[in-house]
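As a plain string of letters, each chain reads:
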Amino acid sequence: MKAGIVGLPNVGKSTLFNCLSSAKAQSANFPFCTIEPQIGQVSVPDERLTKLAEIVHPGRIVPAVCDIVDIAGLVKGASKGEGLGNQFLANIRECDAIIHVLRCFDDPNIVHVDGSVDPVRDKEIIDLELQFKDLDTLEQRLKKVEKVARVGGDKAAKIELSVIEAYKEALLQGRSARTVQFETDEEITAAKGLFLLTAKPVLYVCNVDDASASTGNRFTQAVSKAIEGENAEMIIISAQTESDIAELDTYEEKQMFLNDMGLDESGCNRMIKAIYHLLTLQTFITAGEMEVKAWTFRRGWKAPQCAGVIHTDFERGFIRAEVIKYDDYIKYGSEAAVREAGKMAVEGKEYVVQDGDIMHFRFNV
């Protein structure tokens, strides 16, 4: 999984990136201090791993991870190459999800590229540039598909043409591609094959001042209203607060800081969890003396597909899966006790794996 952090210059992208990852991107009070994309790997927070480790006493704990990319700031005209436009757009295309940072705080000491703070306007600037680029992509594809669909009568081309026309209509109305929903598998496949920028799932991150970290403010209220019906998610974070938390050494110090701010959990943790939810990702767990490890899969996957996440041979030679529910493992205190209580399920190829399932796969190749 790869998520790209985007936004106008000087909205807090690099500060947030530095809080999330061990990679340190330059953060400065001038536009385009980030030019080349910075990539950092982030552990997905999961308290279940720690609790299981207290029972199993493994050699190590291995959380799920995702890649976060700090992408250069975008400006008006990027779709025509303004600023670092073409490079910016190419970097977004490689990401699975977009983390769109919006400045939702006043500070006269921090330059705003457009001279005033207006997160809804800022959002619309980036939306418009991505929509222009998607329209260009559709026009290029339309030239290739239209003749085949109308003259040749190719069924797949006809489906793709209808998908292109639906997307084009939405974009010309100023709506992003993600607002268009398709029903058939053929349409969904054709839509994915277009690789549109505005079809990617988006998490709007409202970067607020410290005082608004737990409550939000008038800016975040405006953003919340602006994204209604967009099929996107939004969270409120103070990048400066997150930066202060990242400087603390111990878990206890961090928790005390969060409590003082009126927060239950750090914004960075909430953000990673929100991205997981946005991408319909879930976690199954393997637990043994060597390690307790989280594995990422897509919601709705069946047992053989999840086995293939560990190794392709596991999927190819899948026989069955032994499944323990997380709550049962915690309740009974060991795998042996779970077995004795009759709470270990033996599942076949049609079992839909659930978030938090503790799995052991049987296979033969």
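Residues numbered from 1 in each chain as written. Predicted model: local features only at pLDDT ≥ 70, side-chain atom pairs only at ≥ 80, totals over all residues. Heavy atoms only, no water.

## Re the pairing of strand 4 (residues 65-70)
For clarity, the threshold we go by: DSSP calls a pair of strands paired once it identifies at least 2 bridges connecting them. By definition, any uninterrupted DSSP run of H or I lasting at least four residues is a helix, any uninterrupted run of E lasting at least two residues is a strand, and each is numbered from the N terminus.
Summarising the sheet, strand 1 (residues 2-6) and strand 4 pair through 4 bridges and their orientation is parallel. Counterpart to I5 in the pairing with strand 4 is D70. Strand direction decides the pairing type here: strand 2 (residues 38-43) and strand 4, joined by 6 bridges, are antiparallel. Bridging from a neighbouring strand, S43 pairs with V65 of strand 4.

## Concerning the side chain of H100
Cut-off, in case you're wondering: Relative accessibility decides the category of a residue: with a 1.4 Å probe and only protein chains considered, values under 20% of the type maximum give buried, values over 50% give exposed, and everything between is partly exposed.
Topologically, H100 is positioned in strand 5 (residues 97-103). You can call H100 buried: its relative accessible area is 3%.

## A closer look at the confidence of the model for the protein chain
How we decide: pLDDT measures the predictor's confidence residue by residue and takes values from 0 up to 100. Contact criterion: two residues are considered in contact whenever any of their non-hydrogen atoms come within 4.5 Å of each other.
With 89% of its residues at a pLDDT of at least 70, the protein chain reaches an overall mean of 86. Below pLDDT 50 for its whole length, residues 23-35 participates in 40 contacts with residues either more than four positions away or in separate chains.

## Section: unusual backbone geometry
Even without being glycine, H57 reaches a positive phi, approximately 55°. With respect to the secondary-structure elements, H57 resides in the loop between helix 2 (47-56) and strand 3 (60-62). The exposure class of H57 is exposed, given its relative accessible area of 60%.

## Remarks on the pattern of salt bridges
Opposite charge on two side chains lets them pair, provided their charged atoms get close. Stated formally: In the sections that follow, a salt bridge refers to a side-chain nitrogen of Lys or Arg positioned within 4 Å of a carboxyl oxygen of Asp or Glu.
Within the structure shown, the criterion is met by 18 salt bridges. Here R178 ties to E230 by a salt bridge, and the two come within 2.7 Å at their closest N and O atoms. Remark: E230 occurs in the loop between helix 7 (218-226) and strand 7 (233-237) and R178 occurs in the loop between helix 5 (155-172) and helix 6 (185-192); sequence separation between them is 52 residues. Judged on exposure class, the residue R178 and its partner E230 are both buried. As a salt-bridge pair, D357 and K325 come within 2.8 Å of each other at their nearest N and O atoms. Remark: K325 occurs in the loop between strand 10 (318-324) and helix 13 (326-332) and D357 occurs in the loop between strand 11 (345-347) and strand 12 (358-363); sequence separation between them is 32 residues. Classification of D357 as buried rests on a relative accessible area of 1%. Here the salt bridges do not stand alone but share partners, grouping K123, D127, R178 and E230 into one network.

## Considerations on the packing of helix 1 (residues 13-20) against helix 8 (residues 239-247)
For clarity, the threshold we go by: Angles run from 0 to 180 degrees between N-to-C directions of axes, and those axes are lines fitted to C-alpha atoms, restricted for helices to the stretch in contact. Small angles under 35 degrees read as roughly parallel and large ones over 145 as roughly antiparallel, with 65 to 115 read as roughly perpendicular and the rest as oblique. Whether a crossing is left-handed or right-handed is set by the direction in which the near helix is turned from the far one by less than a right angle, anticlockwise for left-handed and clockwise for right-handed. Residue polarity is assigned by list, with Asp, Glu, Lys and Arg as charged and Ala, Val, Leu, Ile, Met, Phe, Trp, Tyr, Cys and Pro as nonpolar; anything else, Gly included, falls into the polar class.
Between helix 1 and helix 8, the shortest axis-to-axis distance is 9 Å and the interhelical angle comes to 30°. Considered as vectors, helix 1 and helix 8 are oriented roughly parallel to each other. For the pair helix 1 and helix 8, the crossing hand works out as left-handed. For the pair formed by helix 1 and helix 8, the contact residues are T15, L16 and C19 on the first element and A239, E242 and S243 on the second. Residues of the contact of helix 1 with helix 8, tallied by class, amount to 3 nonpolar, 2 polar and 1 charged.

## Points about the nonpolar core
As a reminder of what qualifies: The set of buried Ala, Val, Leu, Ile, Met, Phe, Trp, Tyr and Cys residues whose side-chain atoms join them within 4.5 Å is what this entry labels a nonpolar core.
Counting residues in hydrophobic clusters, the biggest one holds 63 residues, and the most contacted among them are I68, I99, V205, M271 and I275. The biggest single contributor to this core is helix 10 (residues 267-278), with 7 residues. Ignoring anything within four residues of it in the chain, the contact list for I275 reads M1, A3, I68, I99 and L203. In terms of nonpolar packing, the next biggest core, distinct from the first, is built from 20 residues, L138, L142, Y167 and F182 among them.

## Observations concerning the sheet that holds strand 1
Sheet architecture is open: 6 strands sit in the order 2-4-1-5-6-7, paired in mixed fashion. The sheet is open, and its two borders are formed by strand 2 and strand 7, each paired with just one other strand. In this sheet, neighbouring strand axes are inclined to one another by 25° on average, regardless of whether the strands run parallel or antiparallel. As paired strands, strand 5 and strand 6 (residues 202-207) are joined by 6 bridges and run parallel to one another. Among the inter-strand pairings, R103 is bridged to a residue of strand 6, identified as N207. Sheet strands touched by helix 1: strand 1, strand 2, strand 4, strand 5, strand 6 and strand 7. Its angle to strand 4, the strand with the most contacts, is close to 155°.

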